[in-house]
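Read off the chains here:
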Amino acid sequence: MTSWLPMIGLTALPHVGGLYGGFITRKEVKTWYPTLNKPSWRPPNAAFPVVWTCLYTGMGYGSYMIWKELGGFTEDALVPLGLYGLQLALNWGWTPIFFGAHKLKWALVEIVFLTGTVGATMASWYPVSRAASLLLAPYLSWLCLATALNYRIWRDNPEKKDE
C-alpha cells in the first residue's frame, strides 16, 4: 500500500490549491465577474472546473513520474521538481490576485510568469520523461488561452485609480 502513497499524494497535491481557489472564485463568479466585459470566445464558466480537474490531475501525475524516475527528492530532482513547485505556487497565486483582489493587471503579469515557468518545467522534464513533459502540454495550451483571456479582460475593464 505504501508504494501507492507517493503517486496518490503527488497526483492529488495540485488539487489542494484548486479547491482553495474554488472557494475564492465561487462567490466572485456570481457577483463581480459578471460585471466585467469579456470576449465572446471565452469558455463557459461550467468548463473551468472540469478543465482544471483534468489539468491538475495530469500535472500531478507527471510530477510523480519525474519524482519516481529521479529517485525521489534527490539532487537531480532539484531543478525539475523545483520548477514544478514554482509553477504550482504561481498557479495557486493567480486566483487570489484576479478573483480575490480584483487586480487584473497584476493577475496578467502573474499568469505570464506562470506560463513561462510551465514551459521551463516542460523543458526540464523532457530529458527525464518525455511522457511526463507531454502531460503538461494541455496545461500550457490552456494557460495560453487563459493569458489571452486575462489580457482582454484587463484591456476591456480599466481599473480604478485607487490602487
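See the structure above.
The structure presented is a predicted model; accordingly, all values stated were derived computationally and were not measured.

Novice: Which residues make up the pattern of salt bridges, and what are the values?
Specialist: For side chains bearing opposite charge, pairing can occur when the charged atoms are close. Counted by the stated rule, this structure contains three salt bridges. Arg152 serves as the salt-bridge partner of Asp156, at 3.3 Å between the closest nitrogen and oxygen. With a gap of four residues between them, Asp156 and Arg152 both fall in helix H6 (residues 137-156), about one helical turn apart. Within this structure, Arg152, Arg155 and Asp156 form a network of salt bridges that share partners.

Novice: Go over the packing of aromatic side chains, please, and point to the residues and values.
Specialist: Tallied over the full model, the rule gives 14 aromatic pairs. Note on Phe48 and Trp142: the rings are 5.5 Å apart at their centroids and 70° apart in plane angle, and the pair reads as edge-to-face. Taken as a pair, Phe48 in helix H2 (residues 47-69) and Trp142 in helix H6 lie far apart in primary sequence, 94 residues in all. Given a relative accessible area of 22%, Phe48 falls into the partly exposed group.

Novice: Outline the nonpolar core, supporting the account with residue identities and numerical values.
Specialist: Counting residues in each nonpolar core, the largest one holds 38 residues, and the members touching the most others are Phe98 and Tyr139. When contributions to this core are tallied by element, the ones reaching two or more residues are helix H1 (5-30), H2, helix H3 (78-100), helix H4 (104-125) and H6. Ranked by residues supplied to this core, first place goes to H4 with eight residues. Not counting residues within four places of it along the chain, the set of residues in contact with Tyr139 comprises Trp52, Leu55, Met59, Gln87, Asn91, Leu114 and Val118.

Novice: How would you sum up the layout of surface pockets? Please name residues and give values.
Specialist: Unfilled space is identified by rolling a water-sized probe across the atoms. By volume, the largest pocket is sized at about 900 Å³. Forming the walls of the largest pocket are 35 residues, and the residues nearest its centre are Thr25, Phe48, Pro49, Trp52 and Thr95. Mapped by element, the contributors of at least two residues to the lining of the largest pocket are H1, H2, H3, H4 and H6. With 12 residues, the top contributor of residues to the lining of the largest pocket is H1.

The rules behind these values
Sequence order as written defines residue numbering, which begins from 1 separately in each chain. A pLDDT threshold of at least 70 governs which residues receive local features in this predicted model, and a stricter bar of 80 or more applies before side-chain atom pairs are shown or counted, although totals over entire chains, interfaces and linings include all residues. The basis for the side-chain values is all heavy atoms of the structure; hydrogens and waters are excluded. The working definition used for a salt bridge is a side-chain nitrogen of Lys or Arg within 4 Å of a carboxyl oxygen of Asp or Glu. Helix and strand definitions here come from DSSP, where helices need a minimum of 4 consecutive H or I residues and strands a minimum of 2 consecutive E residues; each element is numbered from the N-terminal end. The pairing test for Phe, Tyr and Trp rings, Trp by its six-membered ring, is centres within 6.5 Å, and the orientation test on the planes gives stacked under 30 degrees, edge-to-face over 60, and tilted for anything in between. Partly exposed residues are those whose accessible area sits between 20% and 50% of the maximum for their type, while under 20% is buried and over 50% is exposed, using a 1.4 Å probe and protein chains only. For this analysis, a nonpolar core means a set of buried residues of the types Ala, Val, Leu, Ile, Met, Phe, Trp, Tyr and Cys, connected via side-chain atoms within 4.5 Å. We call two residues in contact whenever any of their non-hydrogen atoms come within 4.5 Å of each other. Detection works on a 1 Å grid of protein atoms alone, calling trapped sets that fit a 1.4 Å probe cavities and calling open sets with protein on both sides within 12 Å along at least five of seven lines pockets, with lining residues defined by an atom within 4 Å of a point. Grid points are joined across faces, edges and corners, and a volume is the space filled by probe spheres set on the points.

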